[in-house]
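# Residue-level structure breakdown
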Amino acid sequence: MNFKLILNIALHLLRARLKQTVVAAVGVTFGIAMFIALVSFMNGLNDLLDGLMLNRTPHVLLYNEIKPSENQPISLSEAYKKNTNFINSIKPKDRGKSIYNSKTIIKVLQEDERIIDVAPKITTPVLFNSGTIEISGVVNGIDVLSEEKLFKISDYIIEGKVDDLLQNNSIIIGKGLADKMLLVRGDIIKITTSKGNLASLKIVGISEIGIAEIDNITSYTSLATAQKILGEPTNYITDIQIKLYDMTSAPAVAKEFHNKFNLDTIDYQTANSQFETGSTVRNIISYAVGIVLLIVAGFGIYNILNMMIYEKMDSIAILKATGFSGNDVKWIFVSLAIIIGLAGGIFGLLFGYIFSSIIDVIPFETASLPTVKTYPIDYNPLYYIIGIVFALFTTTIAGLFPALKASKVDPVEIIRGK
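Below is a summary of the structure that appears in this document. Keep in mind it's a predicted model, so treat the numbers as computed, not measured. (Residues numbered from 1 in each chain as written. Predicted model: local features only at pLDDT ≥ 70, side-chain atom pairs only at ≥ 80, totals over all residues. Heavy atoms only, no water.)

### A look at the overall build of the protein
Looking only at helices and strands, the protein features 15 helices and 10 strands. Of the contacts formed within the protein by residues at least 6 apart in sequence, a portion of 78% connects residues at least 24 apart. Looking at the protein as shown, the accessible area adds up to about 22400 Å², and 61% of this sits on carbon and sulfur atoms. (Helix = DSSP H or I, 4+ residues; strand = E, 2+ residues; numbered from the N terminus. Contact = heavy atoms within 4.5 Å. Areas by Shrake-Rupley, 256 points an atom, 1.4 Å probe, with all protein chains shown as cover.)

Structure follows, in structure tokens:
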């Protein structure tokens, strides 16, 4: 088989049907370009949402959950142990939110090779007071340096700097809370803890995540300040946040630490199952639409090659009469499809990148997400590889069926005019 000759004949047939060839290639180009632009945008959007919510969540969280004791006093009594006892109005025992021996646990966790780092935290409900207004909310006492390293909370600070929390008696409040209480950076806000402790803190920043339920109640202060306003010692911690190198191992690690430290644990997949599901659905939709576009382009190529065979029956008969085998004829038309797919695919990659770049620079302006300035795009090379491979696969299959038909043409019948 002379592949060079076959390729020359295929190119000649393409030039003879140049208009139809260009239409087929444009169909592939459009399909590939839209596939890349759509998938890049949808995956960029998923990364943005992950950054806003999932990346703000530790891979594993250690804490003490408020719940009733597993063994009630009557079940521990020898006198009633073997009897059936009916107890009403059981009251849960408050074992406290503090993690016992927290510093030792943190040290053990930091030595674990699976863990990037650990960020201790205090979460406590409070009342925010400004004038005659009282709003219930939450104060998060954080280790400023660890929190910034693991969760990049500075990305959500629209006024001030997260490092300002290192000052004594300072606080960063959510934008929703600031708007409701007419507070600005530099003002003093008073808070009341659940134990009745009063404290006055200076507002050094305003944060905005973009989720109203969080921005309306959440504030940040340093661990030392949180311990001080609660009247607790320096080893008082309610949560230990963990980031893993392999986040997919979070469920197994959470279970392991629950048994090891006798603490309640939750992994990020359980805590954010709805967001995980949403990301998966968006990916499926984007890939499905892109693949449908390529399949439609493939049908266009099939129709064009099919018509070309009927119009070139005499040429096919002459080729076979001059010694070309059915396999040679088949490869001529398969080569036509591959050339169309390759040319359309390359231009599709180029235009897909151009469309993605255009979307990437379009301003994204919304009051709820001021930290996001442009539409998110993910320039993952894998999307381009998938696009060109699927383009070649689709066009080759689309050209194979007409090629098989052409390989079975009887030159004698064509020459006789039958």
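So, next bit.
### Description of the side chain of aspartate 117
Here aspartate 117 is to be found in strand S2 (residues 115-130). Under the relative-accessibility criterion, aspartate 117 is labelled buried at 13%. Here the side chain of aspartate 117 touches lysine 149 through a polar contact of 3.2 Å, side chain to side chain. Beyond its immediate chain neighbours, meaning those up to four positions away, aspartate 117 contacts Gln110, Lys149, Leu150, Gln241, Ile242 and Lys243. (Buried < 20%, exposed > 50% of the residue type's maximum accessible area, 1.4 Å probe, protein only. Polar contact = N/O pair within 3.5 Å; in protein donor to acceptor, adjacent residues only side chain to side chain.)

### What about the layout of surface pockets?
Roughly 840 Å³ of internal volume is contained in the largest pocket. As for the largest pocket, its lining consists of 32 residues, and the residues nearest its centre are Arg56, Leu61, Lys121, Thr123 and Asn140. Among the elements of the structure, strand S1 (60-63), S2, strand S3 (133-142), helix H7 (212-215), strand S8 (218-222), strand S9 (239-244), strand S10 (264-267) and helix H10 (268-271) are those that each provide at least two residues to the lining of the largest pocket. Examining the composition of the lining of the largest pocket, we find that 4 residues originate from one element, S2, more than from any other. (1 Å grid on protein atoms, 1.4 Å probe; cavity = no way out; pocket = protein on both sides within 12 Å on 5 of 7 lines; lining within 4 Å. Points joined across faces, edges and corners; volume = space filled by probe spheres on them.)

### Topic: the packing of aromatic side chains
All told, the structure shown has 4 aromatic pairs when counted by the stated rule. Aromatic side chains phenylalanine 257 and phenylalanine 261 sit 5.7 Å apart centroid to centroid with 50° between the ring planes, which places their arrangement in the tilted category. Taken together, the residues phenylalanine 257 and phenylalanine 261, both in helix H9 (residues 250-261) and 4 residues apart, mark about one turn of the helix. Each member of the pair phenylalanine 257 and phenylalanine 261 is classed as buried. (Phe/Tyr/Trp six-rings, centres within 6.5 Å; stacked < 30°, edge-to-face > 60°.)

### Regarding the pattern of salt bridges
A full pass over the atoms with the stated rule returns 6 salt bridges. One salt bridge connects glutamate 256 with arginine 114, and the closest N-O pair in it is separated by 2.9 Å. Within this pair, whereas glutamate 256 is found in helix H9, its partner arginine 114 is found in the loop between helix H4 (102-110) and S2, the two being separated by 142 residues in sequence. By relative accessible area, which is 33% here, glutamate 256 ends up partly exposed. With a closest N to O distance of 3.7 Å, aspartate 164 and arginine 185 form a salt bridge. On the criterion of sequence distance, the pair formed by aspartate 164 in the loop between strand S4 (157-160) and strand S5 (170-174) and arginine 185 in the loop between helix H6 (175-180) and strand S6 (188-193) is long-range, its members being 21 residues apart. A relative accessible area of 12% places aspartate 164 in the buried class. Overall, the relative accessible area of 46% leaves arginine 185 in the partly exposed class. Three or more residues are tied together by salt bridges with common partners; here these are Asp112, Arg114 and Glu256. (Salt bridge = Lys/Arg side-chain N within 4 Å of Asp/Glu carboxyl O.)

### Some details on the nonpolar core
Grouped together as the largest cluster of nonpolar side chains are 22 residues, with contacts concentrated most on Phe128, Ile171, Ile173, Met181, Ile189, Ile191 and Ile203. For this core, the secondary structure elements donating two or more residues are S2, S3, S5, H6, S6, strand S7 (198-207) and helix H8 (223-230). (Core = buried A, V, L, I, M, F, W, Y, C linked by side-chain atoms within 4.5 Å.)

### As for helix H5 (residues 144-151)
Structurally, the α-helix is built with 3.6 residues per turn, so residues lying three or four positions apart point the same way. Among the 8 residues of H5, 6 are classified as buried, and the element is accordingly described as predominantly covered. All of the buried residues along H5 are Val144, Ser146, Glu147, Glu148, Leu150 and Phe151. Packed against the buried residues of H5 are S2, S3, S8 and S9. Residue lysine 152 follows H5 closely and has a positive phi angle near 50°.

### What about the environment of alanine 178?
In this structure, alanine 178 sits in helix H6. Judged by its relative accessible area of 4%, alanine 178 is buried. When the C-alpha atoms of alanine 178 and isoleucine 206 are compared, they prove to be 7.5 Å apart, with 28 residues separating the residues in sequence. Ignoring anything within four residues of it in the chain, the contact list for alanine 178 reads Ile173, Leu183 and Ile206.

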